[in-house]
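# Secondary and tertiary structure notes
The primary structure of each chain is shown beneath.
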Amino acid sequence: MSNKISTAQVKHIAALANIPITESEEAQLAAAFSETLATVSELMSVKVEGVEPTHQVTGLQNVWREDEVDQKSMLTQEEALANAKNTHQGYFVVERIIDES
Amino acid sequence: MSQAKLTLKQALAGLEAGEFSLSEIYKDVNKAVQTDNSQLNIYLTLNEKAEVEAANLGNLPLKGLPIAVKDNFLTKNLRTTAASTVLDEFVPPFESTATAKLKAAGGVVLGKTNLDAWAHGSSTETSQYGRTLNPRHPDYLPGGSSGGSAAAVAADFCIAALGTETAGSIRQPAAWCGVVGLKPTYGRVSRYGIVPMASSTDSPGTLTKTVEDSAILLNYLAGHDKKDSTTGPQPVPDFTQALNTDISGLKIGYLYHDLEGLEIVNPVIEEQLKVLEKLGVKVEKASAMDPKHAISVYTIVQRGEVSSNLARFDGIRYGNDRSFFGDEAKRRIMLGTYTLSKGYADQYYNTAQKVRTLFLQDFERLFATYDVLISATSPNYAKKIGATEGTAMFGELEDMLLEPSSISGLPGINIPCYHDQKTNLFLGMNIVGPMWEEARVIAVAAAFEKNTPWNSWRNAS
Amino acid sequence: MTKLDHYKLICGLEVHAELKTNSKMFCGCKNDPFGATKPNSYTCPVCLGLPGGLPVANKKAIEWTIKLGLALGCKINLFSKFDRKNYFYPDLPKGYQISQYDLPFCYDGLVETSEGLVRITRIHLEEDTGKLLHKEVAGKKVSLIDFNRSSVPLIEIVTEPDITSPTQAKEYGKKIRQILRYLEIADADMEQGGMRLEANISLAKTDANDLPTYKVEVKNINSFRFMENAIKYEMERHAALLEKGKTPAQETRGWNPTTGKTFPQRTKETAEDYRYFPDPDLPPIVFSKAQIETIRQSIPELADEKARRWQKEFDIEPRYATMLTANRHKAEWLETVFASAQATDTTPNQLAKAIINKKIEIKKGEAANKVIARYQKLTATDNVTEEELQTAIAKVVQANTEAVTRFKNGETKLLGFFMGQVMRELGKKVDAPALRQKLLQEIA
């Protein structure tokens, strides 16, 4: 497994991650990635056969709530919109997405 | 003496006894902030209404004392940025559970402290609002990511402070600033309303002048929250009961005693452990899983969770768009995306979670023998400004000694254990206990604090 | 020979249905996006994706998902979890959707249709997204976003590619909707977006054993009729391409009801890498077999079962039983009427037939005897003497000798004509079977 990341891979990841990057950033990021991957690749030397992954350390199960409306936590329309730069008649606004018919 | 230098305990006792008034405390604290904040860059936002809020509180346990809060806790109607220009103008319409509990107990948010942007780092140098300087010596960094809160305590810019730790972000800046930093068990304090970093390890906690102060605060912050499905149902004991526990007979495992790179700090730790031995504690060198594996586990898991947690910042409903992210955030988001992606998730993310299990098992083994585990908090004194530039993984490498306990969800405390008179800088000792055993950790820390000269604010006995 | 004769349809369906819980899936906001009077008025930090919001699972939504799975013959994963499905779209406030990846609550089920069995691959629970509205504001083309629907509980039912005809697809869809309504877990109102359909379509040569190498996904179908037409259209389109030796492109298409055609759609999700991982904010779900059984006990008798039982218990004809069991509450009330009728001269089947043919009006919930009385009044016969009857029959026979001859020669259908004539002659209502018998005696 190679630890070297190409700028093409960086471009692809940036698109997946929805992060705008410039061409100069591409090279920097590729180098930073490679450095990080080199460091963490030591993990491959650890024996993990038969070991289950731990996704949560709490050991909790079945944490849920009753189906009740929690009016107190709901935001008013004003509160919901208060921090948005672009709103219109109670809606958030974005540039038209082209794929919808 | 400036009333800003009071500990939480002293302030509460003094107010109760009528020795001074709350407004005198605010006057002294505000004076310190006015004078030095522009240089030290500790507060990003000050709460103009703090004193008014304090005056209108009524009779509550924390009596309106000014508390500094790391700027990743959402405070209702008070600007919250996570030290990133993405949230430059963000004013939350709701309160985090932790600050709501603080306020319900009578604490007042004096201001929001600087941090590494998004809590990504161990120095505050990734803050998009400039770094914070270490009040002990302004050529040096305060550590991070809760660097602002640690510095606020060290500079007496507050009576106490709140911070968060994902892997070292409370204990390490506490060590570098010479203050007490308590990281509770994961799930002990609610994460609701805190800008998430690594959801599976984020632990809100305290930065304080003394161990007693951290116990007092934890009493109010801790507890199950139905808004946070990862908080435990464990009842909250009175943590101040642990302050006077007799610790003789406890067994302490001294970790990382033979690790490369700890040549400056380990001799100090070993010397200071003798203090505990004099108190009747048994100290033994113990071997643990190599913490460099924890760096890898933490790096992969954290960056994966970060890449997902920061996906909501698209500038549509609040904040600025994703072009405002700083370099460190971009790096972490992208690396996290990569290690979760098709073809790579198995070798990176899934493997990391398996090695995490190994760490949990390792601690289980250690706690079968030892009551608490002790190590140095940081491999070095606070570093000089600019030290972190050019390293892609500064934070993770710096926090190596703390990552094993963080990824395992264990409670830990940093207690100052040495003061260098020349530089005015400190070293810290990290005390770790089993899950839910903050009391034990507090007991050992309190005993150490009482029997050593390293605390800058000796409680009047 | 149309080109379609060479091919068979290989089709799988995905149904999304919004559960009608009181509150949303991962927060306590009101679950009523269609009924909200203002956009963005049923939101909170969690479903709006504010920093620091954390999900808390709706217990009822989980139980209802399992209930549906059991009703569709599924196995239940006793250990299950929620996973994050990561992708970017303006209607997805967190930049990920909380869904289920490899351990859905239900799997391996079965639905019967008149055209064969349809296997259910899986049923999982997830949260809905916000809603986009396309408008022009200040001369600019924009999309307006409303998050009232964000995090409404959504179940997704996925079938194996077992659907072999457009009519079967429609039947399957209608059956699922009926079951959702019978279980009272969803209104499944397609106009309101409470139920959405997607079809994965491909054609294979009729004698082929392997699955085709391609499939086309048709999305945004919001009626059964559109679905049937879209599948028909796709079948023609694929066949035309295949005949030319081409393979239809693997893509996502939408249905345009105005043109009656599908069209390619750039989808937010094509060839995406969702980077699924278990949601660290939500502990896993663990059920015991006993708990699953308790949920199973709460499943009411479903329409098919009820219809079969009515056939046995009430002797009601299958097609009447199917029609009258379509709506659960109406059926449960009708059953009380049929049960009462059994003690009278009127048979349940007679009532059923009259109700379906709208010969009598009924109001759900009214007393059974009222309905029966209404029917009996309708079919009541007057008193007719034997002599009156004989006279009337004789008159009719005399006036229609040609018809009588034709009847004797085999046109038995004319009996109905004679009956009508006799009744007209009498000016009274006569008991039909008795009259038929009498006529047959006289003219046969």
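On a predicted model such as this, the values are computed, not experimentally measured, just so you know. (Residues numbered from 1 in each chain as written. Chains lettered and ligands numbered in written order. Predicted model: local features only at pLDDT ≥ 70, side-chain atom pairs only at ≥ 80, totals over all residues. Heavy atoms only, no water.)

## Let's talk about the overall build of chain B
Counting its regular elements, chain B contains 14 helices and eleven strands. Taken over the C-alpha trace, chain B has a radius of gyration of 20 Å; the compact-globule value for 461 residues is 23 Å, and the two agree within 12%. Dimensions of chain B, computed from the C-alpha atoms along their principal axes, are close to 60 × 60 × 45 Å. Evaluated residue by residue, chain B yields a buried proportion of 69% over its 461 residues. (Helix = DSSP H or I, 4+ residues; strand = E, 2+ residues; numbered from the N terminus. Rg over C-alpha atoms; globule rule 2.2 N^0.38 Å. Buried < 20%, exposed > 50% of the residue type's maximum accessible area, 1.4 Å probe, protein only.)

## Remarks on the overall build of chain A
Broken down by element type, chain A carries three helices and three strands. From first element to last, N terminus to C terminus, chain A shows the α and β order α-α-β-α-β-β. Whereas a compact globule of 101 residues would reach a radius of gyration of roughly 13 Å, chain A reaches 23 Å, over 25% beyond that. Seen through its C-alpha atoms, chain A measures out along the principal axes to roughly 55 × 45 × 30 Å. Counting over 101 residues, chain A shows a buried share of 46%. Taking all contacts inside chain A whose residues are at least 6 apart in sequence as the whole, residues at least 24 apart take part in 36%. (Contact = heavy atoms within 4.5 Å.)

## Focus on the packing of aromatic side chains
Residue and element names in this part refer to chain B. According to the stated counting rule, one finds 25 aromatic pairs over all chains in the structure shown. Sitting above the plane of the Tyr-129 ring, Arg-79 keeps its charged end 5.4 Å from the centroid. The ring of Tyr-192 carries the charged tip of Lys-227 above its face, separated from the ring centre by 5.6 Å. (Phe/Tyr/Trp six-rings, centres within 6.5 Å; stacked < 30°, edge-to-face > 60°. Lys NZ or Arg CZ within 6 Å of the ring centre and 35° of its normal.)

## Topic: the packing of helix α12 (residues 414-426) of chain C against helix α13 (residues 432-443) of chain C
Residues and elements named next belong to chain C. The N-to-C vectors of α12 and α13 enclose an angle of 110°; their axes lie 10 Å apart at closest approach. Classified by the angle between their axes, α12 and α13 sit roughly perpendicular to one another. Here α12 contributes Leu-415, Phe-418, Met-419, Val-422 and Met-423 to the contact with α13, which in turn contributes Ala-432, Leu-435, Arg-436, Leu-439, Leu-440 and Ile-443. (Axes fitted to C-alpha atoms, helices over the stretch in contact; angles between N-to-C directions. Parallel < 35°, antiparallel > 145°, perpendicular 65-115°, else oblique.)

## Concerning the environment of C:Ala239
All names here are of chain C. Residue position: Ala-239 is located in helix α3 (residues 224-243). For Ala-239, a relative accessible area of 0% translates into the label buried. In this structure the C-alpha to C-alpha distance between Ala-239 and Leu-4, which are 235 residues apart in sequence, comes to 6.1 Å. Excluding anything up to four places from it in sequence, Ala-239 contacts Lys-3, Leu-4, Tyr-7 and Leu-203.

## Quick word on the pairing of strand β6 (residues 203-208) of chain B
All names here are of chain B. Taken across its six residues, β6 has six buried, putting it largely inside the fold. Inspection of the sheet shows strand β4 (residues 160-165) paired to β6 by five bridges, in the antiparallel sense. Paired with Gly-163 across the strands is Gly-205, a residue of β6. In this structure, strand β5 (residues 180-183) lies alongside β6, joined through three bridges in antiparallel fashion. Within β6, the position partnered with Gly-181 by the bridge is Leu-207. (Pairing = 2+ DSSP bridges.)

## Side note on the sheet that holds strand β9 (residues 131-137) of chain C
Strand order in this open sheet of four strands is β2(A)-β3(A)-β10(C)-β9(C), and the pairing throughout is antiparallel. Edge positions in the open sheet fall to β2 (87-88) of chain A together with β9 of chain C, since each of these has one partner strand only. Sheet analysis places β9(C) next to strand β10 (residues 140-146) of chain C, joined by seven bridges and oriented antiparallel. Opposite C:Glu136, over in β10(C), you have C:Lys141 as the bridge partner.

## Concerning the confidence of the model for chain B
When pLDDT is averaged along chain B, the result is 96; 99% of the residues meet or exceed 70. The ipTM value of the predicted complex is 0.96, and its pTM value is 0.92. (pLDDT = per-residue confidence, 0-100.)

## Some words on the interface of chain A and chain B
Taken residue by residue, the interface counts 48 residues in chain A and 55 residues in chain B. Buried surface at the junction of chain A and chain B, summed over both partners, amounts to about 4,400 Å²; 69% is from carbon and sulfur atoms. Three residues stand out in chain A for area buried against chain B, namely A:Leu43, A:Val57 and A:Asn83, and they jointly supply 15% of the buried area on that side. Applying the counting criterion to the chain A and chain B interface returns two salt bridges. Across the salt bridge formed by A:Glu25 and B:Lys330, the nearest N and O atoms sit 3.1 Å from each other. At the boundary of chain A with chain B, the tally comes to 14 residue pairs in polar contact (both at pLDDT 80 or more). Listing elements by their share of the side of chain A that touches chain B, those giving two or more residues are α1 (7-16), α2 (23-40), α3 (77-81) and β3 (91-95) of chain A. Ranked by residues supplied to the side of chain A that touches chain B, first place goes to α2(A) with nine residues. (Buried area = accessible area lost by both parts, 1.4 Å probe. Salt bridge = Lys/Arg side-chain N within 4 Å of Asp/Glu carboxyl O. Polar contact = N/O pair within 3.5 Å; in protein donor to acceptor, adjacent residues only side chain to side chain.)

## Here's the deal with the interface of chain C and chain B
The interface of chain C with chain B comprises 29 residues on the first partner and 34 residues on the second. Between chain C and chain B the total buried area reaches about 2,500 Å² when both faces are included, carbon and sulfur atoms providing 61% of it. Of all residues in chain C, the largest losses of buried area upon contact with chain B belong to C:Pro51, C:Leu54 and C:Arg275, amounting jointly to 24% of the total for that side. The interface formed by chain C and chain B holds one salt bridge in total. Salt-bridge contacts for C:Asp281 lead to B:Arg191; the nearest nitrogen and oxygen are separated by 2.9 Å. The tally of links between chain C and chain B comes to 14 residue pairs in polar contact (both at pLDDT 80 or more).

## Side note on the state of the cysteines
Enumeration according to the criterion identifies zero disulfides over all chains in this entry. Considering cysteine sulfurs only, B:Cys177 is the nearest to B:Cys417, which forms no disulfide, with 15 Å between them. Among the residues examined, B:Cys417 registers a relative accessible area of 0% and is labelled buried. Left without a disulfide partner, C:Cys11 is nearest to the cysteine sulfur of C:Cys74, which lies 18 Å away. Classification of C:Cys11 as buried rests on a relative accessible area of 0%. (Disulfide = S-S within 2.5 Å.)

## Some points on helix α10 (residues 327-340) of chain B
Compared with the 20 Å implied by 1.5 Å per residue over 14 residues, the 20 Å span of α10(B) between its first and last C-alpha is a close match. Across the 14 residues of α10(B), twelve count as buried, placing the element largely inside the fold. Three or more residues of α10(B) are buried, namely B:Glu328, B:Ala329, B:Lys330, B:Arg332, B:Ile333, B:Met334, B:Leu335, B:Gly336, B:Thr337, B:Tyr338, B:Thr339 and B:Leu340. Here the buried face of α10(B) lies against α1 and α2 of chain A, α9 (291-309), α11 (346-369) and α12 (394-398) of chain B together with β16 (277-278) of chain C. (Expected span 1.5 Å × (residues − 1).)

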